[in-house]
Amino acid sequence: MIRVNRRALLGATAIGAAGLAAPALAQPRWPNRPIQMIVPWGAGGGTDATARIVGSLLERDLGQPVNVVNRTGGSGVVGHSAIATAAADGYTIGMITVEIAMMHWQGLTELKPTSYTPLALLNEDPPGVQVAQNSPHADIKALADAIKAAPAGRFRASGTGQGGIWHLALVGWLQAMGLRADHVRWVPSNGAAPAMQELAAGGVDIVTCSVPEARAMIDAGRAKSLAIMAPQRNPMFAQVPTLNETLGINYSTGAWRGIAGPRNMPQDVQRRLIDSLKKAYDSNEYKEFMSSRGFGVVWGDQAHFTSFMAEADKAMGDAMRAAGLARG
Amino acid sequence: MRLNDALLGAILLGFAGWVWWLTTFFPAFPGQDYGPNLFPRILAVGIAVCAALLVLRGLRARGGLLVLEGWARQPARLLSFLAIPGAALFYILASDPLGFIPTAFLLLLALSLWFRARPVVALPVAAGMTLLVHWFFAGMMRVPLPRGLMDPFL
Amino acid sequence: MDPLIQALGLVFDPYVLAVIAGSAVFGMFVGAMPGLTATMATALLVPVTFFMSPVPALGAIVTATAMAIFAGDIPAAMLRMPGTPASAAYTDESYAMTQKGQLNLNLGVNLVFSVAGGLVGVAVLIACAPILAEVAINFSSYEYFWLACLGLTCAVFMTNADPVKGFLSLFIGLLLATVGIDPAAGFPRFTFGDVDLMSGINFVPTLIGMFAVSELMRGAVTVDAAGRMVAQEVGNIFRGVGAVFRRYWFNFLRGSVLGTAIGALPGAGADIAAWISYAVSKRFSKEPEKFGTGHVEGIVDSTSANNSALGGAWIPALVFGIPGDSITAIVIGVLYMKGMNPGPTVFQENPQLIYAVFTIFVLANLIMLPLGWAAIKSARQILRVPKNLLLPVILLFCLVGSFAMTNSLYGVTLMLVMGLLGWFLEEHGIPVAPLILGLVLGEMLEQTFVQSMIKADGAAIEFFTRPIAGVLGVATILIWVVMVGRAVRRGMAPRAA
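Residues numbered from 1 in each chain as written. Chains lettered and ligands numbered in written order. Predicted model: local features only at pLDDT ≥ 70, side-chain atom pairs only at ≥ 80, totals over all residues. Heavy atoms only, no water.

Visitor: Teacher, can you tell me more about the packing of helix α3 (residues 75-98) of chain B against helix α4 (residues 100-114) of chain B here?
Guide: All names here are of chain B. α4 packs onto α3 with a crossing angle of 170° between their chain directions and a minimal axis gap of 9 Å. One way to sum up the angle between α3 and α4 is to call them roughly antiparallel. When α3 is examined against α4, the residues Ala76, Leu79, Ser80, Ala83, Ala87, Phe90, Tyr91, Ala94, Ser95 and Leu98 are found in contact with a partner set consisting of Phe100, Pro102, Thr103, Leu106, Leu107, Leu111 and Trp114. Counted by class, the contact of α3 with α4 contains 14 nonpolar, 3 polar and no charged residues. (Axes fitted to C-alpha atoms, helices over the stretch in contact; angles between N-to-C directions. Helix = DSSP H or I, 4+ residues; strand = E, 2+ residues; numbered from the N terminus. Parallel < 35°, antiparallel > 145°, perpendicular 65-115°, else oblique. Contact = heavy atoms within 4.5 Å. Nonpolar A, V, L, I, M, F, W, Y, C, P; charged D, E, K, R; others polar.)

Visitor: Would you mind showing me how to read the sheet that holds strand β4 (residues 116-125) of chain A here?
Guide: Strand pairing in a sheet relies on backbone hydrogen bonds. The paired strands run either parallel or antiparallel. Residues and elements named next belong to chain A. Taken together, the 6 strands give an open sheet; going across it, the order is β2-β1-β3-β10-β4-β11, and neighbouring strands pair in mixed fashion. Looking at strand neighbours, the two that pair on one side only are β2 (66-70) and β11 (297-300), the edges of this open sheet. Each strand of the sheet is rotated relative to its neighbour by a mean of 25°, with strand direction disregarded. As paired strands, strand β1 (residues 35-39) and β2 are joined by 5 bridges and run parallel to one another. Residue Ile35 lies in a different strand from β2, and its bridge partner there is Val66. The strands touched by helix α10 (residues 267-282) are β3 (92-97), β4, β10 (255-262) and β11; relative to β4, the strand with the most contacts, the crossing angle is about 10°. (Pairing = 2+ DSSP bridges.)

Visitor: Is there a simple way to think about the domain arrangement of chain A in this case?
Guide: For interface size, the figure often reported is the accessible area lost on association. Residues and elements named next belong to chain A. When its domains are assigned, chain A resolves into domain 1 (31-125 + 255-322) and domain 2 (128-247). Between the C-alpha centres of domain 1 and domain 2 the distance comes to 27 Å. With both chains or domains summed, domain 1 and domain 2 bury close to 990 Å², and 66% of this area falls on carbon and sulfur atoms. Inspection of the domain 1/domain 2 interface yields 0 salt bridges. For the interface between domain 1 and domain 2, the tally reads 2 residue pairs in polar contact (both at pLDDT 80 or more). Put simply, the parts of the chain that give the side of domain 1 that touches domain 2 at least two residues each are α11 (284-293) and α12 (302-322). (Domains from an automatic or database assignment. Buried area = accessible area lost by both parts, 1.4 Å probe. Salt bridge = Lys/Arg side-chain N within 4 Å of Asp/Glu carboxyl O. Polar contact = N/O pair within 3.5 Å; in protein donor to acceptor, adjacent residues only side chain to side chain.)

Visitor: Is there a simple way to explain a nonpolar patch on the surface in this structure?
Guide: Residue and element names in this part refer to chain C. Together, Ile461, Phe464, Val474, Ile477, Leu478, Trp480 and Val481 make up an exposed nonpolar region whose accessible area comes to about 630 Å². If you tally residues by element for the nonpolar patch, the top one is helix α23 (residues 467-492), at 5 residues. The residue Trp480 is located in helix α23 in this model. Given the relative accessible area of 37%, Trp480 is considered partly exposed. (Patch = residues over 30% accessible without salt bridge, like charges linked within 9 Å, V, L, I, M, F, W, Y side chains within 5 Å. Areas by Shrake-Rupley, 256 points an atom, 1.4 Å probe, with all protein chains shown as cover. Buried < 20%, exposed > 50% of the residue type's maximum accessible area, 1.4 Å probe, protein only.)

Visitor: Sorry, what's going on with the nonpolar core here?
Guide: Most often, soluble globular proteins keep nonpolar side chains buried together rather than apart. Residue and element names in this part refer to chain A. Core analysis: the largest hydrophobic core is formed by 275 residues, its most contacted members being Leu143, Trp173 and Trp256. Discounting residues that sit within four places of it in the chain, Trp173 has contacts with Val129, Ile140, Leu143, Ile147, Met229, Leu243, Leu247, Ile249 and Tyr251. With 29 residues, the next largest nonpolar core counts Leu58, Leu62, Val68 and Ile274 among its residues. (Core = buried A, V, L, I, M, F, W, Y, C linked by side-chain atoms within 4.5 Å.)

Visitor: Is there a simple way to think about the pattern of salt bridges in this case?
Guide: Close approach of charged atoms allows side chains with opposite charge to pair. Residue and element names in this part refer to chain A. Counted under the stated rule, the structure contains 24 salt bridges over all chains. A salt bridge links Arg60 to Glu285; the nearest nitrogen and oxygen atoms lie 2.8 Å apart. Taken as a pair, Arg60 in helix α3 (residues 46-62) and Glu285 in helix α11 lie far apart in primary sequence, 225 residues in all. Each of Asp61, Arg272 and Lys279 takes part in salt bridges that share partners, so that together they form one network.

Visitor: Would you mind showing me how to read the pairing of β1 of chain A here?
Guide: When a strand is regular, its side chains alternate between the sheet's two faces. All names here are of chain A. By the criterion of burial, β1 is predominantly enclosed, with 4 of the 5 residues buried. Bridge count for β1 against β3 is 3 bridges, and the pairing is parallel. Paired with Gln36 across the strands is Thr92, a residue of β3.

Visitor: How do you make sense of the interface of chain B and chain A when you look at a structure like this?
Guide: Listed by partner, the interface residues are 9 residues for chain B and 13 residues for chain A. Across the chain B/chain A interface, buried area totals approximately 780 Å², and carbon plus sulfur atoms make up 44% of it. There are 0 salt bridges connecting chain B and chain A. Across the chain B-chain A interface, the total number found is 0 residue pairs in polar contact (both at pLDDT 80 or more). Among the residues forming the side of chain B that touches chain A, the class breakdown is 5 nonpolar, 1 polar and 3 charged.

Visitor: What exactly am I supposed to notice about unusual backbone geometry here?
Guide: It is generally the case that most residues other than glycine have a negative phi and that most peptide bonds are trans. Omega for the peptide link from Trp30 of chain A to Pro31 of chain A comes to -10°, which places this bond in the cis form. Structurally, the position occupied by Pro31 of chain A is in the loop between α2 (22-26) and β1. Of note in this structure, Phe190 of chain C is not a glycine but carries a positive phi near 55°. With respect to the secondary-structure elements, Phe190 of chain C resides in the loop between β2 (188-189) and α10 (195-198). Classification of Phe190 of chain C by relative accessible area gives buried; the value is 11%.

Visitor: Teacher, can you tell me more about helix α5 (residues 119-140) of chain B here?
Guide: Residue pairs three or four apart in sequence face the same way in an α-helix, which turns once every 3.6 residues. A rise of 1.5 Å per residue sets the reference length of α5 of chain B, with its 22 residues, at 32 Å; its end C-alpha atoms lie 30 Å apart and thus fit the reference within 8%. Buried residues of α5 of chain B: Ala122, Ala126, Met129, Thr130, Val133, His134 and Phe137 of chain B, and no others. End-on, the buried residues of α5 of chain B take up no more than an arc of 130°, which puts them together on one face. When the buried face of α5 of chain B is taken as reference, the exposed residues oriented beyond 90 degrees from it are Val120 and Leu131 of chain B. Looking at the packing, one finds that the buried side of α5 of chain B touches α4 of chain B together with α3 (38-49) and α19 (387-406) of chain C. Looking one or two residues past α5 of chain B, Arg142 of chain B carries a phi angle of roughly 60°, positive in sign. (Expected span 1.5 Å × (residues − 1). Arc of directions from axis to C-beta.)

This is the structure:
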């Protein structure tokens, strides 16, 4: 069956290929075998789910299987370096995440956004401010006042590991309020879900993960979301206000995901992939899937993604230095 | 193969010391007394204590430094034993350049022939199992098994 | 919709039922082959289940292990070789029965009481797990820290090996767990600049190495040795089982309850459950002199116990994410891969999945009756599969399975290294089970410790101020005191040669 598909595809693309430059004639046109999409995070998580829906949409458009391959561990270093070091032939691409703008500041890797051929930005999720259902702070204003009034270290927050994106979100918010980065004590956790469990058990006061990640505990009536750190409200969680409209703090950040390949991918392959990604992004399946999970959608083409990452890299570097998390 | 408790303990003592030495390069956790080096150090001490007990016990019991069972003295059986890790090593080295299918086929065939299977049986079993595993893992499960030499045909 | 009805819909789906049937046959085969263990069956299943949705994935593991634990009794009765370590406790007894001409009754008792014991274990699991989960929702890092300590202590306490070697194994496992990015400061430890090592010592390749590859190495040495098959024909295996049940119903209940409880203790699984309930049976029997001569009483206790332990082991695994045995240690990994983080929240977020696991457990024990009968009938053929073909094929499964877990040769390399290490340790009488538990619980232990210390601002007393944490902490420390006391007394006493 695969054989038939491939032949049909070759036939169909032969006409288009005829006009292209010499390398395209010498080699059968890309793609003529399965493509690997590397995901630096585990199966079942949000990044994995996003990669799988994008992969299945790419597969339909490109006519070749797109295999999602999880290369996990090392806070994302393993998968990100597998994408960067793969052969730049277009048969290995990957989903890169906000950590690529953070890990090198921590001295975990040499890799940074410029180690890749950016293709498209697909998603961004802002952090929320979650407290336990029985928390004495009814809204974000009350919480912010309580934090300012309390001595440093009284409040405890969690959401991810030391120096992770949700830690930086907290640091950025505190600094925007004119407080020191360690005014609220950070309790490192192994991801958002265990942090939410700590919140429900009364171990921490605040969790600054994204609202979709906190959703299960909110639905179970154990936690509530007081605000999100984004320019606009999320239509999926319309009752949660932004920091700007409540505290007048214009601070926003977020975890983002995009597709990239190793550096120096062939131009024609890049074009074909970007077209295909745009189609996937515009499809109803993608939109429906992302909204069912509560994930934000955002499109950034190659140029936008490149400048977006450069800005993110600088902003993260500043935040991490301010928080004393940068090394070397 | 069995080392004397004293020798085993001595090796483990050295290992624990090496672990401790490695932890001296770990940075401190800003603002706290317990950093990344705390747990490895506790464990290094734990291993060292157990190792010291083994050394004492081994010295008290005496006995040879190394005990070899019967099979380890028979070359054929020793080779059978080494064939398993050897085959795994072969897979690690060969699967990328050769691809999964040739590597797995050669591995199965060579091992079963070494274990005295009849070639009439070993050949179809090796070929059949290779294709079955490849179909299941690479086809159904989409594990990126290396394509190697078979790249043009898959 | 009612989660229970949803769960039934999830389980009674043709695909799921086909997976259950397939893994039942696989489990029977692996269990019946001496040298292939139930843990190995699970380890080899994981790469396959990795790509399934949660219900068939868990169904495959539940079914295969239940079948394997029973099927281990078959070669014990026929060849005097336990098919899995869980049958080792009563292999001699069982073979002695066969030699007395009671092969049929022997197999019948093993099958029926395995099924019944398994059902008791499931019943306890269904009754206890949701209640415990309600309590556990209020657990914070202090409680989890003590639970992890308690689990690790049990692991050493329960092994038959000498305590020094048990602790050594545990410490090595915990040390292996520290490889990679540390949970507090995010610093890469013991990676020597290697990117793969930053992801840590991956659990499944380690398990495949320690339980499967080291076993293959031992098997390769004796590949030409075959057991001697008994000559008796298998007839009606169910005749006389009813009489045994009427006479020894109390033994059955005692064995099942004991087995479930031991299964639920971290670190102790079906094999230890069988050993202990066999010993208990002998201790309280009216005719202890008959034990060892082919007496059915001890078999009733222990064959019920090892199957009931399976259900028991799932209780701490589902509720706390702390494995009850090496099989559920793998299950926890699978749950994480499926995004169903074990812990009390899974009971709230995915109750239908929990009910589906319960349903599959019941189902697996019920189909064990006909499938077990079929396995007994075809035992001669199963036991005749030539080792010289089987060994290489299993090695290939190990290689591909390890590869699939990391999608790179790192998994295979790790499997090889851990296989050699596991073999080396076992050669020196150092059990590998505490090592595996240490590897699984190491991160939880360190993470919860660091979290607790940060929350408490360094005040150790905080570890005891929450009521449940206080009870758990005091219990753990008491066990340590008892253990040290015993070790000291043993050290003082004159050493037996």
